[in-house]
Amino acid sequence: MSIVAEAPGYLQVFADGSIKRFAPEIAPASPASSSGHQSKDVIIDPLKPIYARIFCPVNSISVNKLPILIYFHGGGFCIGSTEWLGYHIFLGDFSVVSQCIVLSVDYRLAPENRLPVGYDDCYASLKWLIDQGGSEPWLERADLTRVFLSGDSAGGNIAHQVALRTIRDTPNGIRINGVMLIHPYFGSEKRTKREVVTEAAEDVKMNDMFWRLSLPEGSNRDYFGCNYERAELQTEEWQQFPAVVVYVAELDFLKERGSMYAEFLQKEGVKDVKVEEAKGESHVYHVFHPKSESSRLLQRQMSDFMKSF
């Protein structure tokens, strides 16, 4: 059977529509950890299904309730999981550094489940958080008035879309204070300056493949989920958008798109928008090298942002 789309080492799509995914090393949840955090897998929705992993710091030094980070993994909407070792290490360690509870969501993947399914699944995690806040023991110390959204690559895109949806449909009992997008994955039919140079051909080809697999049938890259400029919000609604930090990496092909996104938000009147750049680093380095000094710095930057609220 011939392969019609491929991300080497991660994904193969065959002519008959069948799909084969190759997961890197994964980590099971653990109720105890030598790194100072514990983790537990939960079911957000058993019918769809949607899963998540909760990370909590062990022996938290705070006597108060803990803020919550809802995290969406990357992978072009087609691959990735909170079980991947890189995510498990980075998010577990982050829960300790920031003294927060992390809810890392495993949404349904494309092309079996094309957008907006991933957006819907991740938005559902907010309602689950509210419903389970009083019954899930691991959420007993969760402060639903200090909730933050984050994600890398496609997960950063999802964090943006979930934040947009909460402006018009905020679940009662929860407050989104800020959004942290790490190397966000956006696009458009119009190419950027970086995307038209010859050296970018392979990156453009791979990005286009993931968009082709994840966008709704019949849609192009000006679909609202790809092109953030297509969001239908009024000026006063943009002004309600939470505070934003966009993390970009110097060597990342998507750096240009991330910077353009921040500029767009500022133009639309979002009140608090910042950009942080990791020098000498590439796309999602924190997943491939979660123990690196650059990853540690990213954790501290994210923690400082959360503590400013």
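Scope of this entry: the structure provided in the associated data block. Since the structure is predicted, the reported quantities are computational estimates derived from the model, not experimental observations. (Residues numbered from 1 in each chain as written. Predicted model: local features only at pLDDT ≥ 70, side-chain atom pairs only at ≥ 80, totals over all residues. Heavy atoms only, no water.)

A short note on the overall build of the chain
Rules: A run of DSSP states H or I qualifies as a helix once it reaches four residues; a run of E qualifies as a strand once it reaches two. Both are numbered from the N-terminal end. The globule rule used for comparison is 2.2 Å times the number of residues to the exponent 0.38, while the radius of gyration itself is calculated over C-alpha atoms. The buried label goes to any residue with under 20% of its type's maximum accessible area, the exposed label to any with over 50%, and the partly exposed label to all in between, with areas taken from a 1.4 Å probe on protein chains only. In this description, accessible areas are obtained by the Shrake-Rupley approach with a 1.4 Å probe, and a residue is regarded as covered only by the protein chains that are shown.
Counting its secondary structure elements, the chain contains eight helices and eleven strands. A globule of 309 residues ought to have a C-alpha radius of gyration of about 19 Å, and the chain, at 18 Å, matches this closely. The principal-axis extent of the C-alpha atoms belonging to the chain is close to 55 × 45 × 40 Å. For the chain, the residues scored as buried account for 54% of the 309 residues in total. Of the accessible surface of the chain, which amounts to about 13600 Å², a share of 50% is contributed by carbon and sulfur atoms.

Observations regarding the state of the cysteines
As used here, a disulfide is simply a covalent bond connecting the sulfur atoms of two cysteines. Heads up, the rule is: Disulfides are defined as pairs of cysteine sulfur atoms found within 2.5 Å of each other.
Per the counting criterion, the structure on display carries zero disulfides. The closest cysteine sulfur to the non-disulfide-bonded Cys100 is located on Cys56, 8.9 Å from its own sulfur. You can call Cys100 buried: its relative accessible area is 0%. No disulfide involves Cys226; its nearest neighbouring cysteine sulfur is the one of Cys78, lying 13 Å away.

Some points on the packing of helix H2 (residues 117-132) against helix H3 (residues 154-168)
Packed helix pairs are specified by the crossing angle of their axes together with the interaxial distance, meaning the distance between the axes. For the record, the criterion: Geometry is summarised by axes, namely lines fitted to C-alpha atoms with helices restricted to the contacting stretch, and by angles between N-to-C directions that run from 0 to 180 degrees. For classification purposes, an angle smaller than 35 degrees is called roughly parallel, one larger than 145 roughly antiparallel, one from 65 to 115 roughly perpendicular, and anything else oblique. Helix crossings get a hand from a simple test, with the near helix turned counterclockwise from the far one by less than a right angle marking a left-handed crossing and a clockwise turn marking a right-handed one. Throughout, a residue-residue contact means that at least one pair of heavy atoms, one from each residue, lies within 4.5 Å. Charged residues are taken to be Asp, Glu, Lys and Arg, nonpolar residues to be Ala, Val, Leu, Ile, Met, Phe, Trp, Tyr, Cys and Pro, and polar residues to be all remaining types, Gly included.
Close contact between H2 and H3 brings their axes to 9 Å; oriented N to C, the two are set at 60°. Regarding the angle of H2 to H3, the classification is oblique. With respect to the hand of their crossing, H2 and H3 are arranged in right-handed fashion. Within the contact between the two elements, H2 uses Tyr119, Asp120, Cys122, Tyr123 and Leu126 and H3 uses Asn157, Ile158, Gln161, Val162, Arg165 and Thr166. When the residues that make up the contact of H2 with H3 are grouped by side-chain class, the tally is six nonpolar, three polar and two charged.

Considerations on the nonpolar core
So the rule is basically this: Residues belong to one nonpolar core when they are buried, are Ala, Val, Leu, Ile, Met, Phe, Trp, Tyr or Cys, and are joined through side-chain atoms within 4.5 Å.
Counting residues in each nonpolar core, the largest one holds 98 residues, and the members touching the most others are Leu69, Phe72, Leu149 and Phe241. With residues near it in sequence (within four places) discarded, Phe72 still touches Val105, Tyr107, Cys122, Ser125, Leu149, Ser150, Gly151, Asp152, Gly155, Ile158, Ala159 and Val162.

Remarks on the pairing of strand S2 (residues 11-14)
If a strand is regular, its side chains alternate between the two faces of the sheet. As a reminder, the rule being used: DSSP-based pairing: two strands are paired if at least 2 bridges between them are found.
Here S2 shows a buried face lined by Leu11 and Val13 and a second buried face lined by Gln12 and Phe14. For strand S1 (residues 3-7) and S2, the ladder comprises four bridges, and the chain directions are antiparallel. Note that in S2 the partner of Ile3 across the bridge is Phe14. Counting the residues that bridge the hairpin from S1 to S2 gives three residues, and of these Gly9 lies at a positive phi of roughly 85°. Bridge count for S2 against strand S3 (residues 19-21) is three bridges, and the pairing is antiparallel. In the strand pairing of S3, Gln12 is matched with Lys20. As consecutive antiparallel partners, S2 and S3 are separated by four residues, and within that stretch Gly17 has a phi angle of approximately 95°, a positive value.

Describing the sheet that holds strand S5 (residues 50-57)
Two orientations exist for strands paired in a sheet by backbone hydrogen bonds: parallel and antiparallel. Spatially, the eight strands line up as an open sheet ordered S4-S5-S7-S6-S8-S9-S10-S11, and their pairing is mixed. Both outer strands of the open sheet, strand S4 (37-45) and strand S11 (273-278), are each paired with one neighbouring strand and no more. Strand after strand, the sheet turns through a mean of 20° between neighbouring axes, direction not considered. Two strands pair when backbone bridges link them, and S4 and S5 are joined in this way by eight bridges, in the antiparallel orientation. Across the sheet, the residue bridging to Ser39 is Phe55, located in S5.

Here we look at the side chain of Thr192
Rules: Pairs of N or O atoms within 3.5 Å make up the polar contacts considered here, provided that, within protein, one atom can donate a hydrogen while the other can accept it, and that residues adjacent in sequence are counted only when both atoms are side-chain atoms.
Positionally, Thr192 belongs in the loop between strand S9 (176-182) and helix H4 (201-214). Given the relative accessible area of 7%, Thr192 is considered buried. A polar side-chain atom of Thr192 sits 2.4 Å from a polar atom in the side chain of Glu256. Setting aside its immediate chain neighbours within four residues, Thr192 contacts Glu256, Arg257 and Met260.

Quick word on the packing of aromatic side chains
To keep it simple, the criterion reads: Two aromatic rings, drawn from Phe, Tyr or Trp (for Trp, its six-membered ring), form a pair once their centres lie within 6.5 Å of each other, and the interplanar angle then sorts them: stacked below 30 degrees, edge-to-face above 60, tilted otherwise. Only Lys NZ and Arg CZ are tested; either one counts as a charge over a ring when it is within 6 Å of the ring centre and within 35 degrees of the ring normal.
Taken as a whole and judged by the stated rule, the model has 18 aromatic pairs. A ring pair is formed by Phe77 and Tyr119, whose centres lie 6.2 Å apart and whose planes are at 90°; its orientation type is edge-to-face. In this pair, Phe77 sits in the loop between strand S6 (66-72) and helix H1 (85-98) while Tyr119 sits in helix H2, placing the two residues 42 residues apart along the sequence. Per residue, the accessibility class of Phe77 equals that of Tyr119, and both read buried. Considering the side-chain rings of Tyr185 and Trp211, the 4.2 Å spacing of their centres and the 15° angle between planes classify their relative orientation as stacked. Taken together, the residues span a long stretch of sequence, with Tyr185 in the loop between S9 and H4 and Trp211 in helix H4 at a distance of 26 residues. Among the residues examined, Tyr185 registers a relative accessible area of 2% and is labelled buried. Overall, the relative accessible area of 2% leaves Trp211 in the buried class. Grouping aromatic residues by their ring pairs yields a cluster made of Phe77, Tyr119, Tyr185, Trp211, Tyr223 and Phe224. A cation over a ring is seen here: Arg165 above Tyr123, with NZ or CZ 5.2 Å from the ring centre.

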